[in-house]
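# Architecture at a glance
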Amino acid sequence: MRLTYLKLIATVFFWGTNFAAGKIALQSLGPYSISCLRFVLASLLLMAFLYRTNGKFPALTKSQWGLVLVAAFTGVFLYNVFFFSGMQYMSTVRASLVIAFVPVSVTLGSWLFLKEQVSFIKWMGIVLSIVGAIVVLTRGDFMALFSDNTWGLGELLIMGCVISWTVYTLVGKITLRQMPALTLSAYSATLGALLLLGPALQHDLISQITHSSWQSLASVLYMATTATALGFIWYYEAVQQIGATKAAVVGNLTPVFAALIAVSLLGEKLTWSTIIGGGLVMLGVWLTAKK
């Protein structure tokens, strides 16, 4: 169980480093191109590892393929489309704050549809982790929550990210009863890459690749191998072993790691809000993980 949490925290760390890696990649690649290349590379790695592990590509039933398609459509395709579309209408900080509601959404979905028990202590952990994420992202200025006038199209699109990731997590929980995490991760990433290929081609994928810098391509390769390939496997393993709620709450460490990476690589200052917020997130994760 301890190894599961270590893998999940490592996954969340990889997700946190995506902010810096993505910033480098965006210097010469568009968001759709980055997403498509990331999942194409990750799917090749996952499929190769799947074949090496099993000696073949596991056969799936029609119902299993349906579940994998839903996972790919929600967790890969829809999440990316909602995210990059929403970012056109709102700030990065506000978008991150909206996405921070994923643990609550996953918890409600698990409680309603999967009959997963959620104790009062776990609810306290969820609340603390969200408050901590908000403290980190707003740098202690809670008025930043109300910096925009109203909840407009951007907020609705980013809420689409929350819903799509929730469905992805819950469908994964059901599907993992029928197949290993590696099989689900490899097949969903591959189908997701195919679904992203169309929008990427419409946004000059080939031209961007030919004119891209090696730093951007290296960043995409890093994201594909760590946050995507390893991340998919370890996240689904965590969902399978510790439950969807606990796995989602640990994900709230993402803004903490993102802030630390910004301090070490991008030269930003480490503030008291980051330290206090990070402490609240980790306390919330600990409470949620308690039996």
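Structure first, text after, so check above.
Residues numbered from 1 in each chain as written. Predicted model: local features only at pLDDT ≥ 70, side-chain atom pairs only at ≥ 80, totals over all residues. Heavy atoms only, no water.

### Topic: the overall build of the protein
- Summing up its helical and strand segments, the protein has 13 helices and 0 strands in all.
- Element order for the protein, N to C, with α for helix and β for strand: α-α-α-α-α-α-α-α-α-α-α-α-α.
- Among the 291 residues that make up the protein, the fraction classed as buried is 53%.
- Pairs at least 24 apart in sequence give 89% of the contacts found in the protein among residues at least 6 apart. (Helix = DSSP H or I, 4+ residues; strand = E, 2+ residues; numbered from the N terminus. Buried < 20%, exposed > 50% of the residue type's maximum accessible area, 1.4 Å probe, protein only. Contact = heavy atoms within 4.5 Å.)

### Some thoughts on unusual backbone geometry
- Positioned with a positive phi, Asp 204 is a non-glycine residue whose angle comes to about 60°.
- Following the sequence through the fold, Asp 204 ends up in the loop between helix H8 (181-202) and helix H9 (205-210).

### Focus on the pattern of salt bridges
- Taken as a whole and judged by the stated rule, the model has 1 salt bridge.
- Measuring nitrogen to oxygen at the nearest pair gives 3.6 Å for the salt bridge that ties Glu 237 to Lys 7. You can see Glu 237 sitting in helix H10 (residues 214-242) and its partner Lys 7 sitting in helix H1 (residues 2-25), a full 230 residues away along the chain. (Salt bridge = Lys/Arg side-chain N within 4 Å of Asp/Glu carboxyl O.)

### Notes on helix H3 (residues 62-86)
- Over its 25 residues, H3 runs 34 Å from end to end, which matches the ideal 36 Å to within 8%, given 1.5 Å per residue.
- The axis of H3 is deflected most strongly, by about 35°, at Leu 78. (Expected span 1.5 Å × (residues − 1). Bend = angle between axes of the 7 residues up to and from the residue.)

### Side note on the environment of Trp 111
- Structurally, Trp 111 can be placed in helix H5 (residues 102-113).
- Judged by relative accessible area, Trp 111 falls into the partly exposed class, the value being 48%.
- Remark: the alpha-carbon pair of Trp 111 and Thr 245, spanning 134 residues in sequence, is separated by 9.2 Å.

### Focus on the packing of aromatic side chains
- This structure, assessed with the given rule, holds 7 aromatic pairs.
- These aromatic residues form a ring-pair network of at least three members: Tyr 79, Trp 165, Tyr 168 and Tyr 235. (Phe/Tyr/Trp six-rings, centres within 6.5 Å; stacked < 30°, edge-to-face > 60°.)

### Details of a nonpolar patch on the surface
- On the surface, a nonpolar cluster with roughly 320 Å² of combined accessible area is contributed by Val 40, Leu 41, Leu 44 and Leu 221.
- Here the nonpolar patch gets 3 residues from one element, more than from any other, and that element is helix H2 (residues 31-54).
- Looking at the element boundaries, Leu 221 is found in helix H10. (Patch = residues over 30% accessible without salt bridge, like charges linked within 9 Å, V, L, I, M, F, W, Y side chains within 5 Å. Areas by Shrake-Rupley, 256 points an atom, 1.4 Å probe, with all protein chains shown as cover.)

### A few points about the environment of Leu 45
- One can find Leu 45 in helix H2.
- Sequence spacing of Leu 45 and Ala 229 is 184 residues, and the spatial spacing of their C-alpha atoms is 7.0 Å.

### Section: helix H7 (residues 153-175)
- If you check H7, its first and last C-alpha atoms are 32 Å apart, about what 23 residues at 1.5 Å a residue would give, namely 33 Å.
- Along H7, 17 of the 23 residues are buried, which leaves the element largely enclosed by surrounding structure.

### Here's the deal with the packing of H2 against H8
- With their axes 8 Å apart at the nearest point, H2 and H8 run at an angle of 150° to one another. Looking at the two axes, H2 sits roughly antiparallel to H8. For the pair H2 and H8, the sense of crossing is left-handed. Every residue of H8 that contacts H2 at Tyr 32, Ser 33, Ser 35, Cys 36, Phe 39, Val 40, Ser 43, Leu 46, Met 47, Phe 49, Leu 50 and Thr 53 is listed here: Leu 182, Thr 183, Ser 185, Ala 186, Tyr 187, Ala 189, Thr 190, Ala 193, Leu 196, Leu 197, Pro 199 and Ala 200.
- The residue inventory of the contact of H2 with H8, partitioned by class, reads 17 nonpolar, 7 polar and no charged. (Axes fitted to C-alpha atoms, helices over the stretch in contact; angles between N-to-C directions. Parallel < 35°, antiparallel > 145°, perpendicular 65-115°, else oblique. Left-handed = near helix turned anticlockwise from the far one by under 90°. Nonpolar A, V, L, I, M, F, W, Y, C, P; charged D, E, K, R; others polar.)

### Overview of the environment of Ala 42
- In this structure, Ala 42 sits in helix H2.
- Relative accessible area serves as the criterion here: at 0%, Ala 42 is assigned to the buried category.
- For the pair formed by Ala 42 and Leu 221, sequence separation is 179 residues and the distance between their alpha carbons is 8.4 Å.
- Apart from residues no more than four positions distant in its own chain, Ala 42 is found in contact with Ala 224, Thr 228 and Ala 229.

### Considerations on the side chain of Thr 4
- Counting through the fold element by element, Thr 4 comes out in helix H1.
- Once residues lying within four places of it in the same chain are set aside, the contact partners of Thr 4 are Ala 238, Gln 241 and Ile 242.

### Regarding the packing of H2 against H3
- Contact geometry for H2 and H3: axes closest at 10 Å, N-to-C directions at 160°. Of the possible angle classes, the one that applies to H2 and H3 is roughly antiparallel. In the packing of H2 onto H3, the handedness of the crossing is right-handed. Residues Pro 31, Tyr 32, Ser 35 and Phe 39 of H2 touch H3, and the partners they reach there are Val 76, Asn 80, Phe 84 and Ser 85.
- Classifying every residue of the contact of H2 with H3 gives 5 nonpolar, 3 polar and no charged.

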